[in-house]
Amino acid sequence: MNEIERVKDLMTEAGSVDPTVGSGTLSPHLPPVDAAALAAVIRGLSRDSKLVVVSNREPVIHEARDDGVREIRPASGMITGIEPIVRAVSGTWVAHGSGSADRRAVDTNDRFTVSGGRSSYALRRVWLTRQEEQGYYYGVANSALWPLCHIVYARPQFSRRQWETYRRVNEKFCAAVLEEIGSEDAIVFIQDYHLALLPRLLRQARPDLTIVMFWHIPWPNPEAFRIMPWGEELLDGLLGSDLLGFHIQYHCNNFVDTVDHRVEARIDREQFSVFRGGTPTYVRPFPISVDFEQVSDDAVSVPVRHRVEEILAAIEHDGRQQLLVGVDRLDYTKGIIERLRAVDRLLLEYPELRGRVTLLQLAAPSRTHVEAYRRLGQEMDALVDDINWRHQDDTWQLIRLLRGHHDYTTVMAAYQVARVLLVTSLHDGMNLVAKEFVAARRDEDGVLLLSKYTGAARELADAVQVNPFDIDAMTQALYGALTMEAAERRERMVRMRELVRTHNVYEWGIKIFTELQAIQPLVRAARRGGGA
Ligand code: ADQ
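Let me sum up the structure you'll find in this document. (Residues numbered from 1 in each chain as written. Predicted model: local features only at pLDDT ≥ 70, side-chain atom pairs only at ≥ 80, totals over all residues. Heavy atoms only, no water.)

### Remarks on the site of the ligand
- Taken together, 28 residues are adjacent to the ligand, and H216, D428, M430, L432 and E436 come closest.
- Between the ligand and R329, the relevant distance is 2.9 Å, taken from an oxygen atom to a side-chain nitrogen or oxygen of the residue.
- Taking L432, its main chain carries an N or O atom lying 2.8 Å from an oxygen atom of the ligand.
- For the ligand, the protein covers 94% of the area, taking 720 Å² as the surface of the free molecule.
- The set of elements that each furnish at least two residues to the shell around the ligand consists of helix 3 (77–88), strand 13 (322–329), strand 14 (357–364), helix 15 (408–417) and helix 16 (432–440). (Near = heavy atom within 4 Å. Polar contact = N/O pair within 3.5 Å; in protein donor to acceptor, adjacent residues only side chain to side chain. Areas by Shrake-Rupley, 256 points an atom, 1.4 Å probe, with all protein chains shown as cover. Helix = DSSP H or I, 4+ residues; strand = E, 2+ residues; numbered from the N terminus.)

### Section: a nonpolar patch on the surface
- Together, Y153, Y453 and F469 make up a nonpolar patch on the protein surface, roughly 370 Å² of accessible area in all.
- Examined against the element boundaries, Y453 turns out to sit in the loop between strand 17 (447–451) and strand 18 (464–466). (Patch = residues over 30% accessible without salt bridge, like charges linked within 9 Å, V, L, I, M, F, W, Y side chains within 5 Å. Salt bridge = Lys/Arg side-chain N within 4 Å of Asp/Glu carboxyl O.)

### Some remarks on unusual backbone geometry
- Its identity as a non-glycine residue notwithstanding, I151 has a phi of 45°, on the positive side.
- Positive phi outside glycine occurs at D192, with the angle close to 80°.
- Among the structural elements, D192 can be located in the loop between strand 7 (186–191) and helix 7 (198–205).

### Details of the side chain of S241
- With respect to the helices and strands, the residue S241 is situated in the loop between helix 9 (231–238) and strand 9 (243–246).
- At a separation of 2.5 Å, a polar atom in the side chain of S241 contacts the main-chain carbonyl oxygen of L238.

### Some thoughts on the pattern of salt bridges
- Taken as a whole and judged by the stated rule, the model has 41 salt bridges.
- The partner of K172 in a salt bridge is E132, and the shortest N-O contact between them spans 2.8 Å. Within this pair, whereas K172 is found in helix 6 (residues 160–181), its partner E132 is found in helix 5 (residues 130–150), the two being separated by 40 residues in sequence.
- Judged by relative accessible area, K172 falls into the partly exposed class, the value being 31%.
- What makes E132 buried here is its relative accessible area of 8%.
- Note that R200 is salt-bridged to D236, the shortest N-O span being 3.2 Å. (Buried < 20%, exposed > 50% of the residue type's maximum accessible area, 1.4 Å probe, protein only.)

### Concerning the nonpolar core
- One finds V54, W215 and F255 to be the most contacted residues of the largest nonpolar core, which totals 95 residues.
- Top contributing element to this core by residue count: helix 5, with nine residues.
- Contacts of F255, omitting those with residues within four sequence positions, involve W219, L235, L238, L239, L244, F246 and V283.
- Core analysis: the next-biggest nonpolar cluster, separate from the first, contains 83 residues, W127, V212, A418 and V438 among them. (Core = buried A, V, L, I, M, F, W, Y, C linked by side-chain atoms within 4.5 Å. Contact = heavy atoms within 4.5 Å.)

Spelled out as structure tokens, the structure:
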């Protein structure tokens, strides 16, 4: 049996478990797939094609500091998921060069080789002006599409000028991708809501390309999407792809319903495909995951163990406290305020916990040029101050806020010290923090408190699931998690680890590219026939 057949075999077997419907029942010893298996699938798909990944955020940022240039790995779930894939096939990654020293690091073709880890890949940087960044990134992407898709009571802001900039920046990415491809065949794998128009732009320039788009955030229902002034253009842009992925079936359903309401297209609900302009787009759920083995190994490495000591010293942990831990980008969708309120109430309702519990919150500043994010930062600081002031004594503080972009070692260390990890998103496409935590707990201890409104909740049935809008219920769930017996903690963690181990990020990639292989003959037939 060759590598591709082995993987297909595994996938059929894995197909007996549908991770999108969520249950802990797994075939017990299913061997997980790895980077080599994923690379084999992509190579098998088209031997001569390049794999080009496109996203707004770059995986490595070069920042100028007083003591030289520093490489930074941004806090982003999209990057956590995509990097192992581009590395597996040594592909090319096209992204916005946003660092202050990015231009210094590239060659004359604006390329930088990202090495380290198991293999290297090329990063091609696209330069944006400040005005383009303002309109496209802070404007349309993060002040219009992000709140529109998450529906969490932050009102989307629409501006025609920003939309024009968004379109122009998508065209700029299109030019860079075409330049990278030259006259070769290629599979272009586009990431996220910053680049919704890119599939159609590429399709118009090169009808022969294979285009996959993955939308990392939720897709709202048609009623919520209705207010998007350029909805038709955005949908048409996405429908330039052959395969369009979301994390869960619910988002696929919402997308197809939105198309049905908003544009002229033929929908095949049996195949779950949309025909527009003669060619089909297949819409499928692919729940993203993490590199389980890597995280599991890294979590017990010597640097992480040292960092655990440093963290405990920094928060003056005296051994009496159980640690609650939160690890988030500072974003209003992550439910950080709701979490703080639940922790406050926990102490009010269970005063015996005074001095015996501490919340360690890591919060990475994000999108700070957007007003809603600045306000959230201020609200969080004020609330932490107020809660700490009401509960603290001379030797203990309830909340320890470590604001800042923390490195991977610190994030891993934070997972290690958690008795309970809190993921309380109001709405989240998947949430990789939850899966990283599970992968990091080799000791099979720790409780995951997880919002029902994350994609991850569909799979992680053994988490303590909560509605973050219901502070009272969340407080009780938190108390239950803190006082859970060791045997139950272990049972739940063992089952969750098995699930994330099996459904790792390589399986996610393999599912996408295997599906691409399956639909290719249908796409080709439709192209030859000039429509369906
Ligand atoms: P994000 O909204 O960025 O991702 P998430 O999936 O939780 O959210 O990933 C965050 C990543 O950043 C994790 O790898 C985490 O370790 C890291 N991180 C978080 N806080 C950090 C901190 N303070 N310092 C350093 N690193 C930090 C989007 C969608 C998600 C979806 C992913 C992938 O919103 O729903 O899971 O894409 O598709």
